[in-house]
Each structure stands twice: as structure tokens, then as C-alpha cells.
Amino acid sequence: MKKSVHPTEVDIFIWDCFEEWAQLNVTDEMPSSAQERVFWHLIHELKLGSLANLDSDVSLISEIEVCLDFLKGTGNYPIHCVGWRPVA
């Protein structure tokens, strides 16, 4: 059985992440970790990617899997990771 999440739910999750992040008052001067960079890269990929066509977007699926493997500690740092944190 294939599990799926509606794109609207993903969008709500992303905005919730932004709201929670804004409460931390992180500045550009604070260093980021590799995990944080990959997390934000993944968030941006999900936000900008075509979630409606995720089943057929092999490139996006691969990018998501690589990021998730790294965040789970079972994979390498993604080659094309550009994870910029949002700043106020």
C-alpha cells in the first residue's frame, strides 16, 4: 500500500516550520549544521517542486530520498544541496 500526503498538507507543514523557525530568532551570524542545510534544502525542494506530479518526477523523488537518507543518518550529504535558512 502506497502512503501519500495531500500537497495541501505538505504546504501547511512547510508554513508551520517557517512560523516555528521565526520564533527562534536565528541570525545570519549563527553557524548552521549540515543537517540544518539539508533540512532547508528539502523544505525548498518540496515547496518549489511539483508535488501534484511527484509520482512521475523522478528527479524530485531522487532528491527527496537523498536528503531524507542523510537526515536519517543513512546517507551522504547531497551533492547539489543549497540549504539556506530563512532569515528575517
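We now turn to the structure provided with this report. On a predicted model such as this, the values are computed, not experimentally measured, just so you know. (Residues numbered from 1 in each chain as written. Predicted model: local features only at pLDDT ≥ 70, side-chain atom pairs only at ≥ 80, totals over all residues. Heavy atoms only, no water.)

To continue, consider the packing of aromatic side chains. Under the defined criterion, the tally for this structure stands at five aromatic pairs. Ring geometry for phenylalanine 18 and tryptophan 40: centres 5.8 Å apart, planes at 5°, overall stacked. Highlighted residues: phenylalanine 18 in helix α1 (residues 7-22) and tryptophan 40 in helix α2 (residues 34-48), separated in sequence by 22 residues. Residue classification places tryptophan 40 among the buried positions, given a relative accessible area of 1%. With a centroid separation of 5.0 Å and an interplanar angle of 75°, the aromatic rings of phenylalanine 39 and tryptophan 40 are classed as edge-to-face. Among the residues examined, phenylalanine 39 registers a relative accessible area of 27% and is labelled partly exposed. Within the aromatic cluster, the residues linked to one another by ring pairs are Trp15, Phe18, Trp21, Phe39 and Trp40. (Phe/Tyr/Trp six-rings, centres within 6.5 Å; stacked < 30°, edge-to-face > 60°. Helix = DSSP H or I, 4+ residues; strand = E, 2+ residues; numbered from the N terminus. Buried < 20%, exposed > 50% of the residue type's maximum accessible area, 1.4 Å probe, protein only.)

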